[in-house]
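A look at the structure
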Amino acid sequence: MEVILQSITLFVITIGGMVGILQLYLIQQQVKAQHDWNRRVTALHHSFSDNSHIREIRSKLDKHLKIASRQPGEISLEEIQKLSKGQYSSIRTDLQYLLGHLENMCVAMNNSIIDEQTCEDMLRGIVILYYRFFSQYIDDVRKIRNNPRIYEHFEAYARKWDEGKELKTRPPTG
């Protein structure tokens, strides 16, 4: 009789242990899914849609540099300097703000703080376009400040996204 009670107790403990392990696994999956969701939502904060200051800067840059209708290629430092001395005196500040925002987003992606694919889906074209237009400006700023790391993450993601032409799809979060 005592052996039967010990066997039943062992069986119940084993089942309890398996249920506990299963619950831990399910909790781990739920935490991972929530983490992924939070990274995606945080990535949305880097879009230009909810930042009126960036929308204003983009509008001014387009007005003065004709980015939307211009052929892809670099914008010379001389052109930027000419505008800064004339009709668009805040162009350098605006460029630093805009490129700094994109650099911050790329640093966050590089450190897995925000979701890269969400950012790529939202801003791929803008990142590639702005890198193409302002790469000469970026190089000049690096030389002037003697700092080759300025906007390095922005450049890395622009090059990476420009090489991967097709958009990737991802299964929905569990």
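Coordinates for the structure precede this section.
**Quick word on the pattern of salt bridges**
Considering all chains together, one arrives at 10 salt bridges under this definition. Where Asp94 meets Lys60, a salt bridge forms, and the shortest distance between an N and an O atom there is 3.1 Å. Within this pair, whereas Asp94 is found in helix α4 (residues 91-110), its partner Lys60 is found in helix α2 (residues 52-65), the two being separated by 34 residues in sequence. Lys60 sits in the partly exposed class, given a relative accessible area of 25%. For the salt bridge of Arg142 with Glu155, the shortest nitrogen-to-oxygen distance reads 2.8 Å. Of this pair, Arg142 sits in helix α5 (residues 116-145) while Glu155 sits in helix α6 (residues 152-163); the two residues are 13 residues apart in sequence, bridging distant segments of the chain. The pair formed by Arg142 and Glu155 is uniform in burial state, with each residue classed as buried. Here the salt bridges share partners, and the residues they tie into one network are Asp139, Arg142, Glu155 and Arg159.

**Points about the packing of α4 against α5**
Where α4 contacts α5, the axes come no closer than 9 Å and their chain directions differ by 125°. As judged from the angle between their axes, α4 and α5 are oblique. In terms of crossing hand, the pair formed by α4 and α5 is left-handed. Residues Arg92, Leu95, Gln96, Leu98, Leu99, Leu102, Met105 and Met109 of α4 form the contact with α5, whose participating residues are Glu116, Cys119, Leu123, Val127, Tyr130, Phe134, Tyr137, Ile138 and Arg145. When grouped by side-chain class, the residues that make up the contact of α4 with α5 number 13 nonpolar, 1 polar and 3 charged.

Scoring rules and cut-offs
Residues numbered from 1 in each chain as written. Predicted model: local features only at pLDDT ≥ 70, side-chain atom pairs only at ≥ 80, totals over all residues. Heavy atoms only, no water. Salt bridge = Lys/Arg side-chain N within 4 Å of Asp/Glu carboxyl O. Helix = DSSP H or I, 4+ residues; strand = E, 2+ residues; numbered from the N terminus. Buried < 20%, exposed > 50% of the residue type's maximum accessible area, 1.4 Å probe, protein only. Axes fitted to C-alpha atoms, helices over the stretch in contact; angles between N-to-C directions. Parallel < 35°, antiparallel > 145°, perpendicular 65-115°, else oblique. Left-handed = near helix turned anticlockwise from the far one by under 90°. Contact = heavy atoms within 4.5 Å. Nonpolar A, V, L, I, M, F, W, Y, C, P; charged D, E, K, R; others polar.

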